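This is what each chain is made of:
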Amino acid sequence: MIVSFKLNGELVEVDVPPNMTLLDVLRRKLGILSVKRGCERGECGACTVLINGDPVCSCLVLAPQAEGKEIITLEYLSKNGEIHPIQEAFIEAGAIQCGFCTPGFILTAYALLKRNPNPTIDEIKKALEGNLCRCTGYIKIIEAIQLAAKKLQRYSR
Amino acid sequence: MAIFYLLPRFNYYKPKSLNEALKLLNDLENSKVLAGGTDLVLDMKIGRYKPENVIDISHLNELKYIKDDGKSIRIGAGTTLQTILESNIVRKKIPVLAEALEIMGSWQLRNVATIGGNLCNASPAADTAPPLMVLEAQLKLESIEGARYVPITKFFHGPRITELKRNELLTEIIIPYPPSNAGMKFLKLGRRAAHTLSIVAVATLITIKDDKFDIVRIALNSVAPTPLRAYKTEESLKDKPINLNVIEENVKRVAEEIKPISDVRASAEYRKEMSIVLTRDAILESLKMLNVKIGGEEF
Ligand SMILES: Cc1cc2nc3c(=O)[nH]c(=O)nc-3n(C[C@H](O)[C@H](O)[C@H](O)COP(=O)(O)OP(=O)(O)OC[C@H]3O[C@@H](n4cnc5c(N)ncnc54)[C@H](O)[C@@H]3O)c2cc1C
Ligand code: FES
Ligand code: FES
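What counts, and where the lines are drawn
Residues numbered from 1 in each chain as written. Chains lettered and ligands numbered in written order. Predicted model: local features only at pLDDT ≥ 70, side-chain atom pairs only at ≥ 80, totals over all residues. Heavy atoms only, no water. Helix = DSSP H or I, 4+ residues; strand = E, 2+ residues; numbered from the N terminus. Rg over C-alpha atoms; globule rule 2.2 N^0.38 Å. Buried < 20%, exposed > 50% of the residue type's maximum accessible area, 1.4 Å probe, protein only. Contact = heavy atoms within 4.5 Å. Areas by Shrake-Rupley, 256 points an atom, 1.4 Å probe, with all protein chains shown as cover. Lys, Arg positive; Asp, Glu negative; His and termini not counted. Charge placed at Lys NZ, Arg CZ, Asp CG, Glu CD. Axes fitted to C-alpha atoms, helices over the stretch in contact; angles between N-to-C directions. Parallel < 35°, antiparallel > 145°, perpendicular 65-115°, else oblique. Left-handed = near helix turned anticlockwise from the far one by under 90°. Nonpolar A, V, L, I, M, F, W, Y, C, P; charged D, E, K, R; others polar. Buried area = accessible area lost by both parts, 1.4 Å probe. Salt bridge = Lys/Arg side-chain N within 4 Å of Asp/Glu carboxyl O. Polar contact = N/O pair within 3.5 Å; in protein donor to acceptor, adjacent residues only side chain to side chain. Core = buried A, V, L, I, M, F, W, Y, C linked by side-chain atoms within 4.5 Å. Domains from an automatic or database assignment. Arc of directions from axis to C-beta. Phe/Tyr/Trp six-rings, centres within 6.5 Å; stacked < 30°, edge-to-face > 60°. Lys NZ or Arg CZ within 6 Å of the ring centre and 35° of its normal. Pairing = 2+ DSSP bridges.

Visitor: Break down the overall build of chain B for me, with residues and values.
Guide: Helix and strand counts for chain B stand at twelve helices and 16 strands. In terms of overall dimensions, chain B is globule-like: its C-alpha atoms have a radius of gyration of 20 Å, near the 19 Å expected for 299 residues. The dimensions of chain B, computed from C-alpha atoms along their principal axes, are 65 × 45 × 30 Å. Counting only residues that meet the buried cut, chain B has 56% of its 299 residues in that class. Put simply, 62% of the contacts in chain B that link residues at least 6 apart link residues at least 24 apart. Roughly 13200 Å² of accessible area belongs to chain B as shown, and the carbon and sulfur atoms make up 50% of that amount. The distance from the centre of the 42 positive side-chain charges to the centre of the 37 negative ones in chain B is 3 Å.

And the structure:
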């Protein structure tokens, strides 16, 4: 069946079977490889994308449910070869080791900072409940998001 | 490339209205309704369900609302957990439901998972069930033949078995205003603090009259084939004076009302012990909301 949606600002149309997950549509049909295949059961957040601005696990969404939606992946954040302040902050804070979890964390952080530009540590932890990281121990990820909040406030001034 | 899970093939239907959904559900054999999909997609991946037809209701705005009608709060079955959690009406009038939603799944999950899906999936661990049980919610079940209402305490028949007939949808959850002087609390014990299913969870709703327990409602999940009300424990506390001894003595009865099993999350024995402890603590927290002093001390 034909499913059409906005992917990172551009309208796309794909011909997919209805039993394909959005994760597979993005990775296998559209070559969006920032979206990671982790647990495939909603536990790890590596497959996080934003649907109409909300973080969602793409491994639990069926392809036809994407119809008419606005979907954002990590690719949206860097423009003209320049990375986003949240990405900068992750690098500067040392919040990346193997990097497998990073796209999911950055998208969740992006959605959080849109809603709450100056979150407390507890608010950051709460928002990130659904993103697991096996490497960093989370402390540096939280620091990165605090740093990103500062950077974004500076940019918006 | 390795593909770990393959979904079975099915016919996909996207009805334009609730009426069309009810008609499809009535006409199609071997079908499953898809709301947020956080249970169903997973259950299809692991092969628990292999429906021939999937009827998607996730886009139906008719099922997404929170209304205050002056005597009850009505929630459309397709409303997401996050929307309900962020609702001021819910936080103010029925905080016990908000407390349960707050620690369900993760942000990603709550953004798509629906309250109707949580109830209809009928897991013994469904976290919206205990609060809705102490709030004495009514459920509206609809088919092409019309609507009927059942109290939530009659809805669950067993693990993944409900009162729903083959052609019925859950469309609305109706929560009567709780008594204005009620204290309520939801407590969940899991294997970690967040993003986890319960080992046991307890919801309580308490009112007091003349320094004695008046209305006492206690509901638990994960300790029987379905979420349940602990009627005998409730009964034994009613009209008793409010002090720690009375509470500790009477909450022990909870262990006689539940039938926990041992599973990957915890042993039956541990669940029994923790049911008692959590019930006690939820009652104490409910009383705290009413500013009741116990033994001269404020809890
Ligand atoms: C990682 C993870 C963590 C989770 N954590 C929790 C948790 O902490 N607590 C908890 O209670 N649950 C938890 N769950 C389970 C699940 O997310 C919830 O039960 C959720 O509310 C299900 O809603 P849904 O809309 O996604 O349901 P779906 O998956 O769409 O549907 C579930 C079932 O109900 C049926 N159904 C759905 N809507 C209706 C309707 N209106 N009428 C009739 N039938 C209907 C479907 O056919 C299906 O059988 C978790 C799941 C995952 C994957
Ligand atoms: S791959 Fe989707 S949550 Fe793990
Ligand atoms: S950096 Fe390796 S999983 Fe997070």
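Visitor: Can you explain the packing of helix α2 (residues 85–93) of chain A against helix α3 (residues 102–115) of chain A? Please cite residues and give values.
Guide: Residues and elements named next belong to chain A. The contact between α2 and α3 brings their axes to 10 Å, and the two run at 125°. Classified by the angle between their axes, α2 and α3 sit oblique to one another. Where α2 crosses over α3, the handedness of that crossing is right-handed. Between α2 and α3, the contacting residues are I86, Q87 and F90 on the first element and T102, F105, I106, A109, Y110 and L113 on the second. In terms of residue class, the contact of α2 with α3 is built from seven nonpolar, two polar and no charged.

Visitor: Kindly report on the interface of chain B and chain A, identifying the contributing residues and their values.
Guide: Facing the 35 residues of chain B at the interface are 32 residues of chain A. Summing both partners gives a buried area of about 2800 Å² for chain B against chain A, and 59% of it is carried by carbon and sulfur. Here chain B and chain A share two salt bridges between them. The salt bridge involving K45(B) is made with E40(A); its shortest N-O contact spans 3.8 Å. Along the contact surface separating chain B from chain A lie twelve residue pairs in polar contact (both at pLDDT 80 or more). Broken down by secondary-structure element, the contributors of at least two residues to the side of chain B that touches chain A are α2 (40–45) and α6 (107–110) of chain B. Ranked by residues supplied to the side of chain B that touches chain A, first place goes to α6(B) with four residues.

Visitor: Describe the nonpolar core, with residues and values.
Guide: One broad rule of soluble globular proteins: the nonpolar side chains tend to lie buried together. Counting 41 residues, the largest nonpolar core has L97(B), L119(B), L132(B), L139(B), I173(B) and I175(B) as its most contacted members. Here the element with the most residues in this core is helix α5 (residues 95–102) of chain B; it accounts for five residues. Once you skip the residues sitting within four places of it in the chain, L97(B) turns out to touch I75(B), I84(B), V90(B), I115(B), T128(B), P131(B), L132(B) and I175(B). Listed in part, the 36 residues of the second largest apolar core include V25(A), Y12(B), M44(B) and L109(B).

Visitor: Kindly report on the domain arrangement of chain A, identifying the contributing residues and their values.
Guide: All names here are of chain A. Along its sequence, chain A is carved into domain 1 (2–74) and domain 2 (85–155). Here the C-alpha centroids of domain 1 and domain 2 sit 21 Å apart. Of the residues lining the interface, 17 residues belong to domain 1; the matching set on domain 2 comes to 13 residues. Overall, the association of domain 1 and domain 2 removes approximately 1200 Å² of surface from exposure, summing both partners, and the carbon and sulfur fraction of that is 67%. The partner of D54 in a salt bridge is R115, and the shortest N-O contact between them spans 2.4 Å. The tally of links between domain 1 and domain 2 comes to five residue pairs in polar contact (both at pLDDT 80 or more). Where the side of domain 1 that touches domain 2 is concerned, the elements lending two or more residues are β3 (48–51) and β4 (54–57). In terms of residue count, β3 provides more of the side of domain 1 that touches domain 2 than any other element does, three residues in total. A per-class count over the side of domain 1 that touches domain 2 returns seven nonpolar, six polar and four charged.

Visitor: If you had to explain helix α1 (residues 18–27) of chain B to someone new, which residues and values would you point to?
Guide: All names here are of chain B. Listing the buried residues of α1 in full gives L18, A21, L22, L24 and L25. Seen end-on, α1 carries its buried residues on one side only, within an arc spanning 160°. Of the surrounding secondary structure, the elements contacted by the buried residues of α1 are β1 (11–13), β2 (31–34), β3 (53–56), β6 (138–143) and β10 (169–176).

Visitor: Could you give an account of the side chain of D56(B), with specific residues and numbers?
Guide: Within the element layout of this structure, D56(B) appears in strand β3. For the buried D56(B), no salt bridge exists, and the shortest N-O distance to an oppositely charged side chain is 5.9 Å, to K14(B). Here Y12(B) takes part through its side chain, which lies 2.5 Å from a polar atom of the side chain of D56(B). The residues touching D56(B), leaving out its near neighbours within four places in the chain, are Q65(A), Y12(B), Y13(B), K14(B), P15(B) and L34(B).

Visitor: Tell me about the packing of aromatic side chains, and please be specific about residues and values.
Guide: With the rule as written, the count across this model stands at two aromatic pairs over all chains. With centroids separated by 5.4 Å and ring planes inclined at 75°, the aromatic side chains of F155(B) and F156(B) adopt a geometry described as edge-to-face. Taken individually, F155(B) and F156(B) each receive the classification buried, so the pair is uniform in this respect. Over the aromatic face of Y76(A) sits the side chain of K79(A), whose NZ or CZ is 4.3 Å from the ring centroid. Above the face of the Y65(B) ring, K67(B) is positioned so that its terminal group lies 4.3 Å from the ring centre.

Visitor: Residues and numbers for the sheet that holds β3(B), please.
Guide: Residue and element names in this part refer to chain B. If you walk across this open sheet you meet the three strands as β1-β3-β2, and the pairing is parallel. In the strand order of this sheet, the two ends are held by β1 and β2, each with one partner. Averaged over all pairs of adjacent strands, the angle between strand axes in this sheet comes to 25°, irrespective of strand direction. Where β1 and β3 come together, three bridges link them in parallel fashion. Directly across from Y13, in β3, lies its bridge partner I55.

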